[in-house]
Amino acid sequence: MPDHSPYARRLREIADALDAEPQQIDDVLTPHPDTLDVIRNRHTKRGQFNHAVPEVLQLQRRIRRYNADTGVPHGDIVALALDTWLRAKGYPPSLTPTNTTAT
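Residues numbered from 1 in each chain as written. Predicted model: local features only at pLDDT ≥ 70, side-chain atom pairs only at ≥ 80, totals over all residues. Heavy atoms only, no water.

Side note on the overall build of the protein
A tally of regular secondary structure across the protein gives four helices and zero strands. Along the protein, helices and strands appear, N-terminal first, in the series α-α-α-α. Long-range contacts, defined here as pairs at least 24 residues apart, represent 59% of the contacts in the protein between residues at least 6 apart. Carbon and sulfur atoms provide 56% of the accessible area of the protein, an area that totals close to 9,400 Å². (Helix = DSSP H or I, 4+ residues; strand = E, 2+ residues; numbered from the N terminus. Contact = heavy atoms within 4.5 Å. Areas by Shrake-Rupley, 256 points an atom, 1.4 Å probe, with all protein chains shown as cover.)

Quick word on the packing of helix H3 (residues 59-70) against helix H4 (residues 74-88)
Following both chains from N to C, one finds H3 and H4 inclined at 110 degrees, their axes separated by 9 Å at the closest point. What the angle tells us is that H3 and H4 run roughly perpendicular. Where H3 crosses over H4, the two elements pack in a sense that is right-handed. Contact with H3, carried on its side by Ile-63, Arg-64, Tyr-66 and Asn-67, involves His-74, Ile-77 and Val-78 of H4 and no other residues of that element. Residues of the contact of H3 with H4, tallied by class, amount to four nonpolar, two polar and one charged. (Axes fitted to C-alpha atoms, helices over the stretch in contact; angles between N-to-C directions. Parallel < 35°, antiparallel > 145°, perpendicular 65-115°, else oblique. Left-handed = near helix turned anticlockwise from the far one by under 90°. Nonpolar A, V, L, I, M, F, W, Y, C, P; charged D, E, K, R; others polar.)

A few points about unusual backbone geometry
The backbone of Gln-58 shows a phi angle near 55 degrees, a positive value even though the residue is not glycine. Among the secondary structure elements, Gln-58 is positioned in the loop between helix H2 (33-40) and H3. Since its relative accessible area comes to 40%, Gln-58 is described here as partly exposed. (Buried < 20%, exposed > 50% of the residue type's maximum accessible area, 1.4 Å probe, protein only.)

In structure tokens, the structure reads:
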């Protein structure tokens, strides 16, 4: 009789990994908990993000208005929106811990 224990072990590992993944939240637009941690960390290194977007979408005006209504910084609005969309499309970041020491 063939030994199927390596396959069973691998299936248990896969099941455990799937259980460790955050479950879908009711609202698909809810930011990922890891992304929220990055955004909240005041030591997160930030970079400029410039892209030409269609003016007719009024993205800059809408971002300014959302910022005025909620107090969420412009960069955080863009980061949260893009990260949520890219994750939904199957492109999560490979977040690796970095040494962030205050000097």
